[in-house]
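Examining the three-dimensional arrangement
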Amino acid sequence: MKIVLLTPQSNRYGKNGAFDQRLRYAPLTMSTLAALIPQKLDVSVKCIDEWADDFDPYTIDADLVGITVITGNAPKAYRYSRILRDRGITVVLGGVHITLCPDEAEQHADAIVFGYAEEAWPDLLRDFATGLLKKRYDRQPTTLDGYPRPRRDLLKKEKYTTMNVVQATRGCVYRCTFCVVPSAWPKQYQRDPDDVAREASELSGKTFILIDLSPSSDQEYFGRLADAFAPLQKYWGGLATLDITDNQKLMKRLERSGCRGLLVGIESQNPKTLKAMGKSWQKPDDNLWRIRMLHDHGIAVNGCFVFGIDGDTERVFDETLEFVFKASIDLPRFAIATPFPNTPLYRMLDQEKRIINKNWEWYDGQHVVFRPKGITPECLYEGTKRTWKEAYKLTSIARRIATSAASLNPLVFVTSVGVNLGYNVYARKYPAYMPIPCEERSWFSAPEYAVAHQPLVLGEVNE
Ligand code: SF4
């Protein structure tokens, strides 16, 4: 049986998009799916990350193609699926978008995997091998312990900044209204910290990335994970919420563990906006000292902000920039609020008839797909673009790095300079404003979608 696992490129992160190749690390989904293929099956498997490789649905040789789908690449995944199925190739769709919109996805695939794949994917392959494929697979794991190591050998090492990516937890206890995590993966899982550390120790090199979305939501667990990493004598970066700075002991354990960078969702310095996001537990007045504490422990801060949630006005961009410089945020990132389907934000905006377009291609954190309150769509887009450009001017980079205590560490300094220059390229390539056409119905319910995309030519596919 020949299996191809595919991650289609999406507008923002595609080879032709504004996101820079130098900022991409190896994805874990395909290599994990490859590792989960039951050994009893006679299978050859190939992983294609379209961001790094070319994929041609008209010529690919496979019995089954499994496509990982996020909202921004869903339309492309559906187009590919139609071509592949017309050629007699079985198509399986899985991933966050499929879990958010399973009924829509089922119209575009032979089978879908809903939720976590650890149990459902091997079930599906066993059924496929015996000709008994069902339409939906949704058996959820009871634990993440005992699963095989991802098949990192199937990815092209030279295409990524690092292959050293590990995952310890899934899910999040918080319920931010714009976030897909609570809607797609409400159940939380934690791997045995010692097993995660063993996996990290098996990776070559001195650094690794922990890609968990919210490992610090259980601080006791996060501390044990840090303790397990400490003997490795490696350096790592990951994600966390700013409330970890309430816990002095945890901060020391993180420093000892080799943690040198954390991505934190600051989201907004406006309390009204945070309330609308369901994140009022985060207090803007505390953010400055919390970021300084991270810096004092040698941890660089990748601070993420979201623009366009109710409560934002056109002042939000200057206010955010002022905070970014005051807090010396090592790597600030700015996204346009995106109502991903079936999140609380989406349901609210849909009910208020404020969604401009339901073509998922625009749902990438870089386009305005709804009518914001107190700001026009154009102002939201242009303000976000200007904020990126201001934050990543060479003088701005120098100012932020020079005033961040974390940059005193040589590894943090070198990494920070390199990634800042990558984001400088990203900011300079930021596309011009393009109003999104008003189209309130979903494009992807058959048969409308099929009609809208006939006839399909290869040039359209390779956008
Ligand atoms: S944005 Fe972060 S903290 Fe909020 S629900 Fe999502 S993962 Fe959790």
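Everything in this summary refers to the structure shown in the same document. Source: prediction; values computed, not measured. (Residues numbered from 1 in each chain as written. Predicted model: local features only at pLDDT ≥ 70, side-chain atom pairs only at ≥ 80, totals over all residues. Heavy atoms only, no water.)

**Looking at helix α15 (residues 394-402)**
- Burial in α15 covers these residues: Ser396, Ile397, Arg400 and Ile401. Angular distribution of buried residues about the axis of α15 spans 125 degrees; they occupy a single face of the element. Of the exposed residues in α15, the ones pointing more than 90 degrees away from its buried face are Leu394, Thr395 and Ala402.
- Each element contacted by the buried residues of α15 is listed here: α12 (316-326), α14 (377-391) and α16 (410-428). (Buried < 20%, exposed > 50% of the residue type's maximum accessible area, 1.4 Å probe, protein only. Helix = DSSP H or I, 4+ residues; strand = E, 2+ residues; numbered from the N terminus. Arc of directions from axis to C-beta. Contact = heavy atoms within 4.5 Å.)

**Points about the side chain of Thr338**
- Mapped onto the fold, Thr338 is located in the loop between β14 (333-336) and α13 (344-351).
- Side-chain polar atoms of Thr338 contact the backbone nitrogen of Gly365, separated by 3.1 Å. (Polar contact = N/O pair within 3.5 Å; in protein donor to acceptor, adjacent residues only side chain to side chain.)

**A word on the nonpolar core**
- Among the nonpolar cores identified, the biggest contains 57 residues, and Phe222, Trp236, Ile244, Leu254 and Ile329 are the most heavily contacted of them.
- Setting aside residues no more than four positions away along its own chain, Ile244 makes contact with Ser216, Gln219, Phe222, Leu250, Met251, Leu254, Leu262 and Leu294.
- One finds Ala77, Val91, Leu93 and Leu274 within the second-largest nonpolar core, a separate group that totals 38 residues. (Core = buried A, V, L, I, M, F, W, Y, C linked by side-chain atoms within 4.5 Å.)

**Things to note about the packing of aromatic side chains**
- Tallied over the full model, the rule gives 23 aromatic pairs.
- Ring centres of Phe55 and Tyr80 lie 5.0 Å apart, and the angle between their planes is 55 degrees; on these two criteria the pair is classed as tilted. A residue pair is termed long-range when its members are at least 10 positions apart, and Phe55 in the loop between β2 (44-49) and β3 (64-68) and Tyr80 in helix α2 (residues 74-86) qualify at 25 residues.
- Note on Tyr116 and Tyr189: the rings are 5.0 Å apart at their centroids and 85 degrees apart in plane angle, and the pair reads as edge-to-face. In this pair, Tyr116 is assigned in the loop between β5 (111-113) and α5 (117-129) and Tyr189 in strand β9 (residues 189-190), connecting sequence segments 73 residues apart.
- For Tyr116, a relative accessible area of 5% gives the class buried.
- A residue is classified by how much of its surface remains accessible, and Tyr189, at 4% relative accessible area, is buried.
- Each member of the aromatic cluster is reached from another via a ring pair, and the members are Phe305, Phe307, Phe317, Phe323, Phe334, Tyr381, Trp388, Tyr392, Tyr423, Tyr426, Tyr430 and Tyr433.
- In this structure, Arg400 is placed above the aromatic ring of Tyr392, and the distance from its NZ or CZ to the ring centre is 4.8 Å. (Phe/Tyr/Trp six-rings, centres within 6.5 Å; stacked < 30°, edge-to-face > 60°. Lys NZ or Arg CZ within 6 Å of the ring centre and 35° of its normal.)

**Examining the pattern of salt bridges**
- With the rule as written, the count across this model stands at 32 salt bridges.
- Residue Arg152 is joined to Glu199 by a salt bridge in which the shortest nitrogen-to-oxygen separation is 2.5 Å. Pair noted here: Arg152 is in the loop between β6 (136-137) and β7 (165-166) and Glu199 is in helix α7 (residues 193-202), with a separation of 47 residues, a long-range link. Of the two residues examined, Arg152 and Glu199, each falls in the buried class.
- A single salt-bridge network, built from bridges that share partners, covers Arg149, Arg152, Arg191, Asp195, Arg198, Glu199 and Glu202. (Salt bridge = Lys/Arg side-chain N within 4 Å of Asp/Glu carboxyl O.)

**Details of the pairing of strand β13 (residues 300-307)**
- With eight of eight residues buried, β13 is to be regarded as a mostly interior element.
- The alternating pattern of β13 places Ala300, Asn302, Cys304 and Val306 and Val301, Gly303, Phe305 and Phe307 on opposite faces, both of which are buried.
- As judged from the six bridges shared by strand β12 (residues 259-267) and β13, these two strands associate in the parallel manner. Counterpart to Leu263 in the pairing with β13 is Asn302.
- Across four bridges, the pairing between β13 and β14 is parallel. Paired with Val306 across the bridge in β14 is Ala335.
- Each parallel crossover has a hand, and for β13 linked through α12 to β14 it is right-handed. (Pairing = 2+ DSSP bridges. Right-handed = clockwise from strand over helix to strand, strands pointing away.)

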